[in-house]
Amino acid sequence: MASSLTKDSPNSGEKTFFGHPRGLATLFMTEMWERFSYYGMRALLPLYLIAPGGLDMDAGTATAIYSVYLSLVYLLAMPGGWFGDRVWGPRKTVAIAGGVIMLGHLTLALPSEGTFFAGLGLVAIGSGLLKSNISTMVGHLYDGPEDPRRDGGFTIFYMGINMGAFAAPLVIGTVGENVNWHLGFALAALGMGLGVVQFLIGTRHLNERSLVVPKPLSKDERAATLRKSMIWLGVAAVFYIGTVVTGVYTLNWLLVPITIAGLVIPVMVLTRIKRDKELSAAEQSKMTGYIWFFVAAAIFWMIYDQGGSTLSIFAESSAENSVFGWDFPVSWYQSVNPVLIMALAPVFATFWLALNRRGKEPSTIVKFSSGLVLVGASFFVFLMPLTIAGDGHKAAAMWLVAIYFIQTVAELTLSPVGLSVTTKMAPEKYASQMMGVWFLAVTAGDCTTGLLSLAGVGLNGTGVVALEATLAVAAGIAIFMYRGKVKQLMGDVR
């Protein structure tokens, strides 16, 4: 499968993938199929939860489940990276992760509420294991950070993400909504299965470093880790069995602890790093500055990720999902963002480069604050279709497309900058862990949405939407107003 995308190197006759190591084709296709399965299932998830032929839940519960699921995927990226570093090595971890994800989608395909939530858990665990380690293997293909092909390789790799994300709602969403929900989930399993098969076939093209466990657990550490894990697992099992036996168990007994953990864990991780006395004064200052970006990012993702829940549920009930009289499935809205990313990312890269040559490229802080203001603006636009629906009419599909467009521009302004500033401001001691810390900002944002939904807050109400929009714009303005102080804390990072 990968070889069809390769071409001969003009220098050595050795086959390459668009001038990059052949292993990039293997990882590109693996990530594309994994994202195909993930985004296809994600597009169906909130719709299945509220559908009379699905689980027939109310919008608040569906939004909470969707938000908790997203938060788990990003929360588990840190232990996923730990497994790759200390237990299995990146290559083995990715292979196992793919199998777990496929099993999760197959479990989702079974027509039972109990198996449905078990499937969600398996997909979240597998995605957490895969997310950090496959990116690590992309880095292994190149001769260190100074390899001039490295940035281009990651750009091609991320195109795989968006190709899978674009195709998934069109295929899986259509089958799930129009034919059978569980057949849609089964298609997601097939997609991941194809990804696993081609990964195993193409592993011979990967760097041998991907087989190495960088810092394996000692015998004592392995025993202690296993013992602690079994204790916590036993405590959780006893607790939940007790709630079921006594008849007090409801879904909130599962959702509320996860949402609280998703808010507490990021605070604990940042506090632990900030209090580390081994950090230099400069590193301490950078971590203080980074907290500004972290909180702002959590606000950003809180709004942005509602594109798959609040906006999708609104579209199902209150939008005219048609173009020129042609009706389309609600899940197709989830293809808007990835196709816009593919179209606009090269434009933004060229634009920033042109400004840089003129010495006018905005600073990291200005880009970050602009992203926040834009995502807030997208929810101010959301007030229009909400008002139209409130008057008893169906809102035009283009209102939702406009919201996704603004959010995509916001993402391209903030997300790459957030990834970059995370690596630049990371203390040397925590260099490999800080990408997981960035993912925790997504966790915190999604858990905030989940907690609000569980508290009975109607996230598709005009008052709440206006409040969220105002919060994001205010946060963006605050970062811009205090850019001098933040820049001082950042030290030599620009």
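Our subject is the structure that appears above.
An account of the accompanying structure is given in this report. (Residues numbered from 1 in each chain as written. Predicted model: local features only at pLDDT ≥ 70, side-chain atom pairs only at ≥ 80, totals over all residues. Heavy atoms only, no water.)

Side note on the overall build of the chain
The secondary structure content of the chain amounts to 17 helices and 6 strands. Taking 2.2 N^0.38 as the reference for a compact globule, 494 residues should give roughly 23 Å; the C-alpha atoms of the chain span a radius of gyration of 22 Å, in line with that estimate. Counting only C-alpha atoms, the chain reaches 65 × 55 × 50 Å along its principal axes. Counting all 494 residues of the chain, 52% fall into the buried class. Long-range contacts, defined here as pairs at least 24 residues apart, represent 79% of the contacts in the chain between residues at least 6 apart. When the accessible area of the chain is evaluated, it comes to approximately 21,900 Å², of which 66% is carbon and sulfur surface. Across the chain, the mean location of the 34 positive side-chain charges is 9 Å away from that of the 30 negative side-chain charges. (Helix = DSSP H or I, 4+ residues; strand = E, 2+ residues; numbered from the N terminus. Rg over C-alpha atoms; globule rule 2.2 N^0.38 Å. Buried < 20%, exposed > 50% of the residue type's maximum accessible area, 1.4 Å probe, protein only. Contact = heavy atoms within 4.5 Å. Areas by Shrake-Rupley, 256 points an atom, 1.4 Å probe, with all protein chains shown as cover. Lys, Arg positive; Asp, Glu negative; His and termini not counted. Charge placed at Lys NZ, Arg CZ, Asp CG, Glu CD.)

Some details on the packing of helix H1 (residues 23-50) against helix H4 (residues 90-108)
Axis separation between H1 and H4 bottoms out at 11 Å; the angle between their running directions is 30°. What the angle tells us is that H1 and H4 run roughly parallel. Crossing of H1 over H4 shows left-handed handedness. Contact residues: H1 offers Glu34, Ser37, Tyr38 and Met41, while H4 offers Ile101, His105 and Leu108. Across the contact of H1 with H4, the residue classes tally to 4 nonpolar, 2 polar and 1 charged. (Axes fitted to C-alpha atoms, helices over the stretch in contact; angles between N-to-C directions. Parallel < 35°, antiparallel > 145°, perpendicular 65-115°, else oblique. Left-handed = near helix turned anticlockwise from the far one by under 90°. Nonpolar A, V, L, I, M, F, W, Y, C, P; charged D, E, K, R; others polar.)

Points about the nonpolar core
If you look at the biggest cluster of nonpolar residues, it comprises 134 residues, and the most contacted ones within it are Tyr69, Phe116 and Tyr290. With 17 residues, the single largest contributor to this core is H1. Other than its neighbours up to four places away in sequence, Tyr69 contacts Tyr38, Met41, Leu45, Leu120, Val123 and Ala124. (Core = buried A, V, L, I, M, F, W, Y, C linked by side-chain atoms within 4.5 Å.)

Here's the deal with a nonpolar patch on the surface
Taken together, the side chains of Phe239, Val244, Val248, Tyr249, Trp253 and Leu254 make up a nonpolar region of the molecular surface, amounting to roughly 500 Å² of accessible area. Take Phe239: it is sitting in helix H8 (residues 219-245). (Patch = residues over 30% accessible without salt bridge, like charges linked within 9 Å, V, L, I, M, F, W, Y side chains within 5 Å. Salt bridge = Lys/Arg side-chain N within 4 Å of Asp/Glu carboxyl O.)

A look at the pattern of salt bridges
Taken as a whole and assessed by the stated rule, the structure comprises 5 salt bridges. Close ionic contact of Lys429 with Asp276 constitutes a salt bridge, the shortest N to O distance being 2.8 Å. Taken together, the residues Lys429 in the loop between helix H14 (397-425) and helix H15 (434-454) and Asp276 in the loop between helix H9 (252-274) and helix H10 (281-304) connect sequence positions 153 residues apart. When its relative accessible area of 44% is taken as the criterion, Lys429 is described as partly exposed. Salt-bridge contacts for Lys367 lead to Glu361; the nearest nitrogen and oxygen are separated by 2.6 Å. Salt bridges here are not isolated pairs; linked through shared partners, they connect Asp276, Glu278 and Lys429.

Some details on the side chain of Ser378
For Ser378, the position within the fold is in helix H13 (residues 364-390). In this structure the side chain of Ser378 is engaged in a polar contact, spanning 3.2 Å, whose partner is the side chain of Gln407. Sequence-distant contacts of Ser378, defined by excluding residues within four places in its chain, comprise Ile303, Ile403, Ile406 and Gln407. (Polar contact = N/O pair within 3.5 Å; in protein donor to acceptor, adjacent residues only side chain to side chain.)

Digging into the packing of aromatic side chains
Any two aromatic rings considered together are summarised by their centre-to-centre distance and by the angle between their planes. Enumeration over the complete set of coordinates arrives at 29 aromatic pairs. Between Trp292 and Tyr482, the aromatic rings sit 5.9 Å apart at their centres with planes inclined by 45°, giving tilted as the arrangement. In this pair, Trp292 sits in helix H10 while Tyr482 sits in the loop between helix H16 (462-481) and helix H17 (483-490), placing the two residues 190 residues apart along the sequence. An angle of 55° between the planes, with centres 5.4 Å apart, marks the rings of Trp326 and Trp332 as tilted. A relative accessible area of 47% means that Trp326 is categorised as partly exposed. You can call Trp332 partly exposed: its relative accessible area is 24%. Taken together, the ring pairs in this structure connect Tyr48, Phe116, Phe117, Trp181 and Phe185 into an aromatic cluster. The ring centre of Tyr38 lies 4.2 Å from the NZ or CZ of Arg35, which sits over that ring. (Phe/Tyr/Trp six-rings, centres within 6.5 Å; stacked < 30°, edge-to-face > 60°. Lys NZ or Arg CZ within 6 Å of the ring centre and 35° of its normal.)

Let's talk about helix H7 (residues 181-202)
Across its 22 residues, H7 extends 32 Å between first and last C-alpha, which sits within 8% of the 32 Å expected from 1.5 Å per residue. Where H7 begins, the side chain of Asn180 points an oxygen toward the backbone nitrogen of His182, at a separation of 2.8 Å. (Expected span 1.5 Å × (residues − 1).)

What to know about the side chain of Ser318
Relative to the helices and strands, Ser318 is located in helix H11 (residues 310-318). Polar side-chain contacts of Ser318 include one of 3.2 Å to the side chain of Ser317.

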